[in-house]
Amino acid sequence: MKQKISALFLSLMLAFTLVGCAAVKEPLSVYAQAENWAYLETDRTADADVFFICPTVYGGKEDSFNMRMDDEAAKGDFLGATNMEKGIYDQNARFFAPYYRQAGLNVYQLPPEERTEYLSIAYEDVKDAFTYYLEHYNNGQPIILAGFSQGGDMSIRLLKDCFAKEEVNDLLVACYAIGWSISEEELDEYPHLRFASGEDDTGVIISFNSEAETVTDSLMIPAGTRTLAINPLNWKTDGTPAGKEENLGACFTDYSGNIVTEIPQLTGAYIDPQRGALKVPDVTPEDYPPVLPIFSDGIYHLYDYQFFYRNLQENVEVRLDAYLENQAS
């Protein structure tokens, strides 16, 4: 009799435990809902996937430092800014771009140590979205990771965090972290990260920050620091200059992604070996002002993609072809 009671007790306890587990099951990711993606191209086939992270479009308010996911006006700007760069990447790829609680422009006016909280909120969403994408949509597809400005920052954070796993890192075609900085020290700290050394290496980071020749300090590259960079015109990482004849076309797009103006051979470029900045000699700050108050004259941050649009577009195809060829051999 005692054995029967004990068995019944154990059965009840097991049932209770299972019910308890169900009760505390992890909530479904918000990225299970299509409305939380600016782009969720699951209904087409392609050679690769692009996971794109939008730049900063939310200005912020006195009491608000992160974009709300239900802020429809900010989401409209978010979609528009994504469209402006989408055409560089989506020729042979499905496009995935999550909305996220990005840090506002006002965050970048805070001291560096005070930005961490708000950028961490942004990254929490980006990682959630990427993890959901990887588990539900990727299916072993090669990944082109891309972003601009804050999106470039988030791209590098993802590389450090989620691509440390060999099986994920093996999927990486390249990471285009345009308009953000990365140092030699970071590569040393994260051995699975590699910076690009030419036009067709794969599994690498591509990054640069455009500025006038006279600039010695910026939000992106503070005075006394140095970032790694690659020249998008000649794909060199040293100071070898590229003339403007190597510029296939600067393209200025609207919020629908349409090219409004295209200017072949707008400018050349070279890398400053001291700062690692991409110096742009053939345009002026008067013609291409910084627009945003967080940047001073001569900081061409907003034009990083636009000045070199066609060269970047061509390079995405070159690197994807190289990746697919390597996989086939």
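Residues numbered from 1 in each chain as written. Predicted model: local features only at pLDDT ≥ 70, side-chain atom pairs only at ≥ 80, totals over all residues. Heavy atoms only, no water.

A. Here's a closer look at the overall build of the protein. Summing up its helical and strand segments, the protein has eight helices and 11 strands in all. When its C-alpha atoms are laid out on the principal axes, the protein stretches across 95 × 55 × 40 Å. With 329 residues in all, the protein has 53% of them scored as buried. Looking at the protein alone, contacts between residues at least 24 apart form 75% of all its contacts between residues at least 6 apart. By element, 52% of the accessible surface of the protein is carried by carbon and sulfur atoms, the whole surface being about 15,700 Å². For the protein, the separation between the mean place of its 23 positive charges and that of its 52 negative charges on side chains is 8 Å. (Helix = DSSP H or I, 4+ residues; strand = E, 2+ residues; numbered from the N terminus. Buried < 20%, exposed > 50% of the residue type's maximum accessible area, 1.4 Å probe, protein only. Contact = heavy atoms within 4.5 Å. Areas by Shrake-Rupley, 256 points an atom, 1.4 Å probe, with all protein chains shown as cover. Lys, Arg positive; Asp, Glu negative; His and termini not counted. Charge placed at Lys NZ, Arg CZ, Asp CG, Glu CD.)

B. Summary view of the side chain of Glu 186. As for its position among the elements, Glu 186 is in helix H6 (residues 184-189). Residues in contact with Glu 186, not counting those within four places in the same chain, are Lys 160 and Ser 181.

C. The arrangement of the pairing of strand E8 (residues 250-253) in detail. Residues Ala 250 and Phe 252 point to one face of E8 and Cys 251 and Thr 253 to the other, with burial holding for every one of them. The pairing of E8 with strand E9 (residues 259-263) spans four bridges and is antiparallel. Its bridge partner being in E9, Phe 252 is matched across the sheet by Thr 261. Two successive antiparallel strands, E8 and E9, enclose a turn made up of five residues, where Gly 257 displays a positive phi of approximately 90°. (Pairing = 2+ DSSP bridges.)

D. View of the nonpolar core. Ranked by internal contacts, the top residues of the largest apolar core, which has 100 residues, are Phe 51, Tyr 89, Tyr 176 and Phe 307. For this core, the element with the highest residue contribution is helix H3 (residues 112-138), accounting for 10 residues. Dropping the residues within four chain positions of it, Phe 51 is found in contact with Trp 37, Phe 96, Pro 98, Val 126, Ala 129, Phe 130, Tyr 133, Ile 144, Leu 145, Ala 146 and Leu 158. (Core = buried A, V, L, I, M, F, W, Y, C linked by side-chain atoms within 4.5 Å.)

E. Spatial organisation of the sheet that holds strand E6 (residues 204-206). With mixed pairing, the six strands of this open sheet are ordered in space as E1-E3-E2-E4-E5-E6. The strands lining the two open edges of the sheet, one partner per strand, are strand E1 (37-40) and E6. Sheet twist, expressed as the mean angle between neighbouring strand axes with direction ignored, is 20°. With three bridges connecting them, strand E5 (residues 172-178) and E6 associate as parallel partners. Considered in E6, the bridge of Tyr 176 is made with Ile 206. (Axes fitted to C-alpha atoms, helices over the stretch in contact; angles between N-to-C directions.)

F. Spotlight on the pattern of salt bridges. A complete count under the given rule lists 15 salt bridges for this structure. Here Asp 90 ties to Lys 86 by a salt bridge, and the two come within 2.6 Å at their closest N and O atoms. Across the pair, Lys 86 and Asp 90 agree in class, each one buried. One salt bridge connects Arg 275 with Glu 211, and the closest N-O pair in it is separated by 2.9 Å. Taken together, the residues Arg 275 in the loop between strand E10 (270-271) and strand E11 (278-279) and Glu 211 in strand E7 (residues 210-211) connect sequence positions 64 residues apart. As far as burial versus exposure is concerned, Arg 275 and Glu 211 are alike and both buried. Through salt bridges that share partners, Glu 41, Arg 44, Lys 86 and Asp 90 make up one connected network. (Salt bridge = Lys/Arg side-chain N within 4 Å of Asp/Glu carboxyl O.)

G. Summary view of helix H2 (residues 72-89). Taking 1.5 Å per residue, 18 residues should reach 26 Å; H2 reaches 25 Å between its end C-alpha atoms and fits that length. Largest kink in H2: about 35°, centred on Asn 83. When you tally the buried positions in H2, you get 13 out of 18 residues, the bulk of the element. Near the N-terminus of H2, the side chain that reaches the backbone nitrogen of Ala 73, with its oxygen 3.3 Å away, is that of Asp 71. (Expected span 1.5 Å × (residues − 1). Bend = angle between axes of the 7 residues up to and from the residue. Polar contact = N/O pair within 3.5 Å; in protein donor to acceptor, adjacent residues only side chain to side chain.)

H. Structural view of helix H4 (residues 150-162). In a regular helix each residue adds 1.5 Å, so 13 residues correspond to 18 Å; H4 covers 18 Å between its end C-alpha atoms and thus fits that length. Those residues of H4 lying buried are Gln 150, Gly 151, Gly 152, Asp 153, Met 154, Ser 155, Ile 156, Leu 158, Leu 159, Lys 160 and Cys 162.

I. Looking closely at the packing of H3 against H4. Contact geometry of H3 with H4 gives a least axis separation of 10 Å together with a crossing angle of 60°. Considering their axes alone, H3 and H4 lie oblique with respect to each other. Note that H3 runs across H4; the crossing there is right-handed. The segment H3 lies against H4, with Leu 119, Ala 122, Tyr 123, Val 126, Lys 127 and Phe 130 engaging Gln 150, Asp 153, Met 154, Arg 157, Leu 158, Asp 161 and Cys 162. Taken together, the residues of the contact of H3 with H4 break down into eight nonpolar, one polar and four charged. (Parallel < 35°, antiparallel > 145°, perpendicular 65-115°, else oblique. Left-handed = near helix turned anticlockwise from the far one by under 90°. Nonpolar A, V, L, I, M, F, W, Y, C, P; charged D, E, K, R; others polar.)

J. Focus on the packing of H2 against helix H8 (residues 309-328). With their axes 7 Å apart at the nearest point, H2 and H8 run at an angle of 50° to one another. Comparing their axes, H8 and H2 come out oblique. Contacts between H2 and H8 involve Met 84, Gly 87, Ile 88 and Tyr 89 from the first element and Tyr 309, Leu 312, Gln 313 and Val 316 from the second. Counted by class, the contact of H2 with H8 contains six nonpolar, two polar and no charged residues.

Keep in mind these numbers describe shape, not what the thing actually does.
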